[in-house]
Every structure is written in structure tokens, then in C-alpha cells.
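# Coordinate inspection notes
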Amino acid sequence: MRGFIQTHPFHLVGPSPWPFFTSFSLMNLAFSIALNSHNYMNNNFFIFLNIFIILYVLTLWFKDMLAESSYLGDHTLAVKKGITQGFYLFVVSEILMFASLFWAYLHSSLNPTMELGMQWPPAGIEPISADELPLLNTIILLASGVTVTMGHHALINGNRADTLNGFMYTTMLIILFVMLQGLEYKYAPFTLTDGAYGSTFFSLTGLHGIHMMMLAMMLLVCTYRVYNYDFTNQSHLFGEVTMLYLHVLDMLWLFMYMIAYWWGS
Amino acid sequence: MFRSIVQRSFQRNASHGHGHVSKYLKEDPFKNMRNKKAGEAYIKDMEEKAHHSIGVTAMWKKITYFVAIPVVILTAIPVTKIELDHAKHREHLKHLSDEEWPVQYDYQNIRNKKFFWGDGDKTLFWNSDINRNIEA
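Going by what an unreviewed UniProt entry lists, chain B is known as Cytochrome c oxidase subunit and is assigned to Australozyma saopauloensis. If you open the UniProt record of chain B and go to Sequence similarities (unreviewed entry), you find "Belongs to the cytochrome c oxidase subunit 6A family."

The name recorded for chain A in an unreviewed UniProt entry is Cytochrome c oxidase subunit 3, from Australozyma saopauloensis.

## Considering the pattern of salt bridges
All names here are of chain B. For the coordinates displayed, the defined rule picks out 9 salt bridges over all chains. For the salt bridge of D85 with K88, the shortest nitrogen-to-oxygen distance reads 3.8 Å. With a gap of 3 residues between them, D85 and K88 both fall in helix α2 (residues 36-94), about one helical turn apart. By relative accessible area, K88 is classed as exposed at 60%. Of the charged contacts in the structure, one is a salt bridge between E91 and K94, with a shortest N-O distance of 3.7 Å.

## Remarks on the domain arrangement of chain A
Residues and elements named next belong to chain A. Examined at the domain level, chain A breaks down into domain 1 (13-74) and domain 2 (80-263). For domain 1 versus domain 2, the distance between C-alpha centres works out to 23 Å. Taken together, the contact between domain 1 and domain 2 spans 6 residues of the former and 5 residues of the latter. At the boundary of domain 1 with domain 2, total buried surface from both sides reaches about 450 Å², with 61% on carbon and sulfur atoms. Inspection of the region where domain 1 meets domain 2 yields 0 salt bridges. Linking domain 1 with domain 2 are 2 residue pairs in polar contact (both at pLDDT 80 or more).

## Comments concerning unusual backbone geometry
Residues and elements named next belong to chain A. With an omega of -5°, the peptide bond running from W120 to P121 counts as cis. Within the secondary structure, P121 sits in the loop between α3 (77-110) and α4 (133-156). For N39, which is not glycine, the phi dihedral falls at a positive 60°. Summarising the element assignment, N39 is placed in the loop between α1 (18-37) and α2 (45-71).

## Structural notes on the packing of aromatic side chains
On inspection of all chains with the given rule, the structure shows 25 aromatic pairs over all chains. Geometrically, the ring pair formed by F190 of chain A and F202 of chain A is tilted, given 5.6 Å between the ring centres and 55° between the ring planes. Of this pair, F190 of chain A sits in the loop between α5 (160-186) and α6 (195-227) while F202 of chain A sits in helix α6; the two residues are 12 residues apart in sequence, bridging distant segments of the chain. Each member of the pair, F190 of chain A as well as F202 of chain A, is classed as buried. Summarising the aromatic geometry, the rings of W253 of chain A and Y261 of chain A are spaced 5.4 Å apart at their centres and angled 45° between planes, so their arrangement reads as tilted. The same class applies to W253 of chain A as to Y261 of chain A, namely buried. Through successive ring pairs, a cluster of aromatic residues spans Y105, W120, F177, Y185, F190, Y197, F201, F202, W253, Y257 and Y261 of chain A together with F125 of chain B. Above the ring of Y229 of chain A, the side-chain terminus of R160 of chain A is found at 3.8 Å from the ring centroid.

## Section: the side chain of Q181 of chain A
Residues and elements named next belong to chain A. Among the structural elements, Q181 can be located in helix α5. Relative accessible area serves as the criterion here: at 6%, Q181 is assigned to the buried category. A polar contact of 3.0 Å, which involves the side chain of Q181, links it to the side chain of N137. Setting aside chain neighbours within four positions, we find Q181 in contact with N137, T205, W253 and Y261.

## Quick look at the interface of chain A and chain B
A common measure of how large an interface is: the accessible area buried when the components associate. Contacts between the two partners involve 52 residues from chain A, matched on the other side by 50 residues from chain B. Both faces considered, chain A and chain B share a buried interface measuring about 4,400 Å² in area, 66% of it formed by carbon and sulfur atoms. Connecting chain A to chain B are 1 salt bridge. Linking D162 of chain A and K61 of chain B is a salt bridge whose minimum nitrogen-to-oxygen distance equals 3.4 Å. Where chain A meets chain B, there are 21 residue pairs in polar contact (both at pLDDT 80 or more). When contributions to the side of chain A that touches chain B are tallied by element, the ones reaching two or more residues are α1, α4 and α5 of chain A. Per-element accounting of the side of chain A that touches chain B gives the leading share, 13 residues, to α4 of chain A. Considering only residue class, the side of chain A that touches chain B consists of 26 nonpolar, 20 polar and 6 charged.

## Let's talk about the UniProt feature "transmembrane region" (unreviewed entry) in chain A
All names here are of chain A. Sites flagged by UniProt as "transmembrane region" (unreviewed entry) map to residues 12-33, 45-66, 87-106, 135-155, 167-188, 200-222 and 243-263. Span residues 87-106 is 100% helix and 0% strand, its end C-alpha atoms 28 Å apart. Across residues 167-188, helical content stands at 91% and strand content at 0%; the span's end C-alpha atoms are separated by 31 Å.

## Quick notes on the confidence of the model for chain B
Overall, the predicted model of chain B reaches an average pLDDT of 86, with 89% of residues at or above 70. Our summary of model confidence lists the complex with pTM equal to 0.88 and ipTM equal to 0.84.

Rules used throughout
Residues numbered from 1 in each chain as written. Chains lettered and ligands numbered in written order. Predicted model: local features only at pLDDT ≥ 70, side-chain atom pairs only at ≥ 80, totals over all residues. Heavy atoms only, no water. UniProt positions renumbered as here; feature names shortened; annotations may be inferred. Salt bridge = Lys/Arg side-chain N within 4 Å of Asp/Glu carboxyl O. Helix = DSSP H or I, 4+ residues; strand = E, 2+ residues; numbered from the N terminus. Buried < 20%, exposed > 50% of the residue type's maximum accessible area, 1.4 Å probe, protein only. Domains from an automatic or database assignment. Contact = heavy atoms within 4.5 Å. Buried area = accessible area lost by both parts, 1.4 Å probe. Polar contact = N/O pair within 3.5 Å; in protein donor to acceptor, adjacent residues only side chain to side chain. Phe/Tyr/Trp six-rings, centres within 6.5 Å; stacked < 30°, edge-to-face > 60°. Lys NZ or Arg CZ within 6 Å of the ring centre and 35° of its normal. Nonpolar A, V, L, I, M, F, W, Y, C, P; charged D, E, K, R; others polar. pLDDT = per-residue confidence, 0-100.

As C-alpha cells, then:
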């Protein structure tokens, strides 16, 4: 049966509708947000529709990937290496995206303009203190780094109970973080519309917050996959990239905490 | 129609399209690709990694239960107290009239066009107790 045996370690993916769906729904989302926010279109139904389609397609695409990795055995060492490299590139592009927002923040804050009273935070803006809710959020993120490390090492030596605990604690801590950020936004004395301070603060922390929601979803899937015996002690690529993502977002938050909350208030 | 397409694809894939079966059909496809040494080294490496991680897990387990979780709780207590104080302050702000409200500078509450949600004036995380857009 030589004709049916694969003599290379790579995974030749089959035809899939998901890249097509993802591209179209992302383009539609961008268009409907832009057209709505500039009052060219008076219906935000399409924003919600496209967010729903994106989440729906992501679910089905990831379902395919879970089948390929856990049930079809397509994730060989070479494939995992390729996916890991792809994820590294993705993370680098994310860091650069945050770098541009840090640049915007520092550009506005290091030399505040005349219009802002040449001070930062600008006159009349009551900033959020660094030693209150943001401190708790920082501690929660540092703790999530600890719990996920426990889960990772327990996974490598096949310690199911500690792996499950580690992933569950981490998921709960990240969900707690997102909820506390929601409270912080709800009780923030300034808003998105309060000049350069509001724009730069909310674009930095908001982009991070959206990433944290994505991370919470990834961790939920990871926890389920540990529970479902999908991960083995040698093959748990999704767990590894989720941990990498968590650490990168932790680091970005630490910079955000130091610059936007501590120094900037 | 589909039946003939399927048959044709099967013939093409299984016999290189020429109606004959490959002479390599029964050969070991991996005969030049086996490397016993590399395989053993890989298994040894994995076993060492698993063995090493037992001690590491125990250490991070201690850090989780004796440092991470207690520190989160210990930070949460004073932060909760401070936030409850802020809630009292917000209660006070709520009852201020527009005249008593602090001066709004030009760069605060910028409205160039209506938002496409709600009444078009309130931001997404608007809190009427502490956020006020006073039209001068």
C-alpha cells in the first residue's frame, strides 16, 4: 500500500471554507464599523452579525484543527514546529501593534501640548490610581503566570489533577481580570472622548482587554481539552501557544501598568 | 457521472494514471528514513524532561497555593475597602448640580458627531453618576 503512505512529515491541508468565511466576515466587520461610526450607514446590526459570524467560524475552524491534531494525528513534530513558528510571528506582530499604541501614549504624555495645559494627566482629568484596582489586576496576572506554569509542568509528567487545577485557576484568574477591567471602565471618571488622555488610555487598555477575552476563550478550550484527555505529555501544542500568549499579554500589561497607570497618573 | 469521476481519481491516484500499479507498491516506504539512534535519543530526552518536571511541578504547586493565591486575596481586601470608599464619593458626585460640577475643559467630552449607539451622546462605558457632558 505504498501509494497511500505519506513519506514526508508535513500536513497537506484539505479544502476548507473557513479562510474564505473569515476573510469576508472580517472585511464586512471593518466596513460596517467604519461606515457606522462615520454615519454613512445607520444600522449596527451588521456589526453584531459579523462578530457572530467570526466567532461561529472560529469555533468550526478550531473544531477542525482539534480533529486534525487529536483524532487524525496530523500534528507531527514538523507540523508543530511550523505552527509554533507561525504563532511566534503572530505574537511579534501583536507586540509591534502594542508598540505603536505605547508610542502614541508616550508621544502625547512626554510632551503634553499647550491645549492640555502642558501637564499629564491633563488638567481636569482625574486618573485611576495605580495602587488600587490596577494593582489587584497586576497581581492577578502575575498569579496566572504562576498557576499556568504549575499546569504546564504537571502536564509534562502526566499529573492530571494538578494540570486540571492549573488550567482552571488560570482560566478563572483571567476571567476575573476581564471582569475587574470592566468595573474599572464602568467607574472610570474620564471617558474615551476626553482628549488625548482618554484616547490613548482606552486604546491601550482596550486592545489589551480584547486580547484578554480571546485568551480566556483559549484557556477555556485548553481546560476542556485537558479534561477530555486531548493533551498528552508530549503533544499539547495548543496548550503551549496559549501559555506563550498569556505570558506575552502579562508582559504587555506590566508595561501598561508601569507607564499608563503608575507613571502616567 | 460522479461514479466515473471517483473511479477515474482512484485510478489516477493508485496507479499514476497509466492503469498499472507502482512497482514500489510492496516496498518499505521508510527504509532509508529510519534512524534508531535519533529515535532513542528523542525518547530519552522526553523521559528526562518528564522526570525533571516532577520536582518543578511540586515547586510551582507550592508557589501557587502559598504565594500566588494568598497574595491575590491579601491584595483584594484593601482594594475592596478603597473601592467601597470610592463608591461613597460617587454617591456624593451623583447629587451635585450641573453648576457645582467641576469645570469642563475644551478637550473633555469632545463630540464631533453622534455615536452610532444609544442616544448618540454617551460613550460605551458611560456612568451617569460620575460622567457628565454639560452643554455650555
